[in-house]
Amino acid sequence: MAVVDEPVLRLSGVGKHYGGVRALSGVDLEIAQGECVALVGDNGAGKSTLVRILSGAHQPSEGTIAFAGRPVRFRSPADALEAGIATTYQDLALAPHLTIAQNIYMGGELLLRPHFLGLLDKARMRREARGYLDRFGFAVNDLDRPVSDLSGGQQQAVALARALRWQARVVIMDEPTAALGVGETRMVLDLIRALGAQKVTVILVSHDMDDVVAVTQRIIVLKRGRKVGEVVTARVSPSTLAHTIMTGEIPPEASAA
Amino acid sequence: MRPLVARFGTALAACAVFAFFALTADGFLAPYNLLGIAKQISHIAILAIGFSLALTAAELDLSFANIASLAAVACGMLVHTHHSPVLAVAAGLGLGLAGGLLNGAVVTLLKVPSLIATLAVAAIANGLAFLLTGGVSVVGRWPTSFTAIGRGVWLGVPMPVWWMALVALAALWFLKQTRTGFRLVCTGEATQAAALAGVKVKHMKLLGLALSGLCAGLAAVILTASLSSAAPNMASDMLLTAIAAVMLGMTMFEPGTPNIPGTLVGALTIGMLANGLVLLGAPYYVQDIVLGLIIIASVATSASVLTRAAFAV
């Protein structure tokens with residue numbers, strides 16, 4: 001049920017301290033390819049720290065991370081992206097005035113041959129961008145529209161299309177529904193399911209228990225910088241999950257470990 | 001409908017300015033006057049394109065006019081002392097580029113905001129220009145192989161206008177067709193997002209400022225050749241004019257973003273205003289008042305990158 005033989009991500013004893021402050025310690029974690037897991041916990045539980053480590057923004061002070069079976073140490077988010085771990089942030093990662101196609105290929109442009117000339121292959125980028133968006137069922141007629149014209153859910157689709165462009169095997173989504181209305185939230189949850197159907201691993205960080213219960217298979221609970229346990233999503237309700245986050249006590253009948 | 005007004009509103013206003021002067025100012029429509037305007041704005045347009053490129057990376061370059069003056073006196077002194085025109089041109093371009101690189105280094109390595117860094121470099125360039133010349137102009141009968149850069153005419157069109165067209169096309173092609181140009185745009189539009197996507201934003205900011213310096217060097221060479229003279233403050237008047245052209249340009253075609261066609265139309269509009277006002281008999285200082293108003297009106301309506309660049313610390 002929980003983890004298959006070859007996890008795409010394996011964390012052993014990962015910890016982080018900033019000066020004398022311990023933000024995270026001793027986190028062991030395995031996530032399978034195509035799995036959708038949630039990271040939950042109260043403020044200060046260590047979610048953001050763990051996300052920053054996985055996305056390459058911060059480096060762990062201790063412990064090891066193996067990605068696709070190989071130990072990795074990312075120096076920057078760009079490093080992690082290149083390796084195949086993409087992160088979508090609440091609002092930082094898109095350039096609002098640039099077009100949909102430009103946003104998808106920012107930093108990873110396709111070039112005309114010979115490549116050393118550095119000339120953009122706009123036609124191919126447009127064509128392939130459409131293909132990535134199609135995979136989310138987002139039929140966009142004009143790829144030259146600025147991203148700021150799109151709804152919040154559609155912007156998430158663009159951010160995820162960018163992850164697909166990088167052939168990401170793991171996508172970390174940090175509060176993807178925080179600023180969205182009901183309909184838009186439903187759209188993002190569908191996007192997450194679509195990623196799962198394409199065997200892309202999703203790590204969802206969310207304060208919304210309904211969302212977490214709706215799309216994930218497994219929930220990692222953090223408290224005061226430690227992992228207190230894992231929950232099989234099918235065995236909890238949003239309200240028991242909220243209780244678990246507050247107390248840090250995993251209901252025995254729902255525990256995954 | 002509204003996006004159309006936003007994109008082409010000021011360009012239409014420029015046409016209205018043109019029509020107004022065509023109807024009211026005697027001699028405005030004469031071919032030599034129109035070519036004269038184009039020649040007059042060519043240096044300013046090249047400086048303005050440089051400023052646009054730095055601003056595209058969300059950095060302000062307030063030093064280009066003083067860097068141009070410094071490059072002009074270096075170039076002029078070399079020609080004056082009978083050095084090869086090739087060396088003089090190389091010195092002008094090289095000093096411009098060096099000034100731009102200095103700006104870029106101060107901004108990216110020392111983390112001084114470009115608003116301050118380029119003001120400081122402007123002061124340094126100004127001081128050096130006066131130091132080099134002892135405060136006097138260099139004037140002389142220079143070889144035509146040099147002066148042709150600014151005074152030559154090809155197909156009936158003065159050389160500076162050709163240079164302006166060449167720089168504009170090169171800048172446009174760079175921004176629209178090359179990966180580096182696109183990344184320059186990304187850096188200015190969303191610095192953080194670009195960095196997260198692996199764009200080396202510091203290199204891009206350095207590049208934008210370096211290109212602005214290079215344009216200043218080129219404008220200086222052309223100006224020196226057209227005037228057959230160089231003075232340590234010869235380009236200082238062009239600072240505000242070029243910035244006004246860019247600001248005005250940012251209200252058209254791609255509102256809120258520095259763009260090359262807008263910058264050209266902006267420079268042309270300002271050139272027409274200056275020319276037309278003179279033909280109508282207005283005192284020259286009226287131009288300054290008009291420039292100031294243009295800058296305020298343009299920035300108030302659309303200048304998102306500019307405000308970000310000015311207040312980025």
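Further up the page is the structure itself.
Trainee: Residues and numbers for the overall build of chain A, please.
Mentor: For chain A, the count of helices and strands is eight helices and ten strands. For chain A, with 257 residues in total, the buried portion stands at 53%. Only carbon and sulfur atoms are counted for the fraction: they give 50% of the accessible area of chain A, which is about 11300 Å².

Trainee: Could you give me a rundown of the nonpolar core, with the residues and numbers involved?
Mentor: Residues Ile100(A), Met106(A), Leu133(A), Val158(A), Ile192(A), Ile219(A) and Phe51(B) are the most contacted members of the largest nonpolar core, which totals 145 residues. No other element matches the twelve residues that helix α2 (residues 31-56) of chain B contributes to this core. Beyond its immediate stretch of four places on either side in the chain, Phe51(B) contacts Leu60(B), Asp61(B), Leu62(B), Phe64(B), Ser212(B), Ile243(B), Val246(B) and Met247(B). Ranked by size, the runner-up nonpolar core spans 26 residues in total, among them Leu9(A), Leu54(A), Phe74(A) and Leu222(A).

Trainee: So what about helix α1 (residues 47-55) of chain A? Which residues, and what values?
Mentor: Residue and element names in this part refer to chain A. Extensive coverage of α1 is indicated by the burial of seven of its nine residues. Within α1 the residues assigned to the buried category are Lys 47, Thr 49, Leu 50, Val 51, Ile 53, Leu 54 and Ser 55. A positive backbone phi angle near 90° is found at Gly 56, which sits one or two residues after α1.

Trainee: Describe unusual backbone geometry, naming the residues involved and giving the relevant values.
Mentor: Residues Arg113(A) and Pro114(A) are joined by a peptide bond in cis, for which omega reads -10°. Along the polypeptide, Pro114(A) turns up in the loop between α3 (100-105) and α4 (122-134). At Glu175(A), a residue that is not glycine, the phi angle is positive and equals roughly 50°. At His82(B), a residue that is not glycine, the phi angle is positive and equals roughly 65°. With respect to the helices, strands and loops of the structure, His82(B) is situated in the loop between α3 (64-80) and α4 (85-108). Residue His82(B) is classed as exposed on the basis of its relative accessible area of 74%.

Trainee: Before we move on, can you summarise the side chain of Thr263(B) with the specific residues and values?
Mentor: All names here are of chain B. By the element assignment, Thr 263 lies in helix α12 (residues 260-279). Relative accessible area serves as the criterion here: at 0%, Thr 263 is assigned to the buried category. Those residues within four positions of Thr 263 in sequence are excluded, and the remaining contacts are Ala 48, Ile 49, Ser 52, Ala 245, Val 246 and Gly 249.

Trainee: I'd love a proper account of the pairing of strand β10 (residues 226-232) of chain A, names of residues and values included.
Mentor: Strand direction decides the pairing type here: strand β9 (residues 218-223) of chain A and β10(A), joined by six bridges, are antiparallel. Of the residues in β10(A), the one forming a bridge with Val221(A) is Gly229(A).

Trainee: If you had to explain the interface of chain B and chain A to someone new, which residues and values would you point to?
Mentor: Frequently, the measure chosen for interface size is the accessible area that the parts lose on association. Taken residue by residue, the interface counts 21 residues in chain B and 22 residues in chain A. Among the residues of chain B in contact with chain A, Arg179(B), Phe182(B) and Leu196(B) are the three that bury the most area, contributing 35% of the side total. Joining chain B to chain A, the criterion identifies one salt bridge. With a closest N to O distance of 2.7 Å, Glu109(A) and Arg183(B) form a salt bridge. Put simply, chain B and chain A have six residue pairs in polar contact (both at pLDDT 80 or more) between them. Elements represented by at least two residues in the side of chain B that touches chain A include exactly α7 (159-177), α8 (179-189), α9 (191-196) and α14 (304-311) of chain B. Ranked by residues supplied to the side of chain B that touches chain A, first place goes to α8(B) with six residues. Residue composition of the side of chain B that touches chain A, grouped by class: eleven nonpolar, five polar and five charged.

Trainee: An account of the sheet that holds strand β6 (residues 85-88) of chain A is requested, with residue identities and associated values reported.
Mentor: All names here are of chain A. Strand order in the open sheet made by the six strands is β6-β7-β8-β3-β9-β10, with mixed pairing throughout. Looking at which strands have only one partner, the edges of the open sheet turn out to be β6 and β10. Strand-to-strand, the axes of this sheet are offset by a mean angle of 20°, without reference to chain direction. As paired elements, β6 and strand β7 (residues 170-174) share four bridges and run parallel to each other. Looking at β7, one finds that Thr 87 is bridged to Ile 172. The strands touched by helix α8 (residues 238-247) are β3 (36-40) and β9; relative to β9, the strand with the most contacts, the crossing angle is about 30°.

The rules behind these values
Residues numbered from 1 in each chain as written. Chains lettered and ligands numbered in written order. Predicted model: local features only at pLDDT ≥ 70, side-chain atom pairs only at ≥ 80, totals over all residues. Heavy atoms only, no water. Helix = DSSP H or I, 4+ residues; strand = E, 2+ residues; numbered from the N terminus. Buried < 20%, exposed > 50% of the residue type's maximum accessible area, 1.4 Å probe, protein only. Areas by Shrake-Rupley, 256 points an atom, 1.4 Å probe, with all protein chains shown as cover. Core = buried A, V, L, I, M, F, W, Y, C linked by side-chain atoms within 4.5 Å. Contact = heavy atoms within 4.5 Å. Pairing = 2+ DSSP bridges. Buried area = accessible area lost by both parts, 1.4 Å probe. Salt bridge = Lys/Arg side-chain N within 4 Å of Asp/Glu carboxyl O. Polar contact = N/O pair within 3.5 Å; in protein donor to acceptor, adjacent residues only side chain to side chain. Nonpolar A, V, L, I, M, F, W, Y, C, P; charged D, E, K, R; others polar. Axes fitted to C-alpha atoms, helices over the stretch in contact; angles between N-to-C directions.

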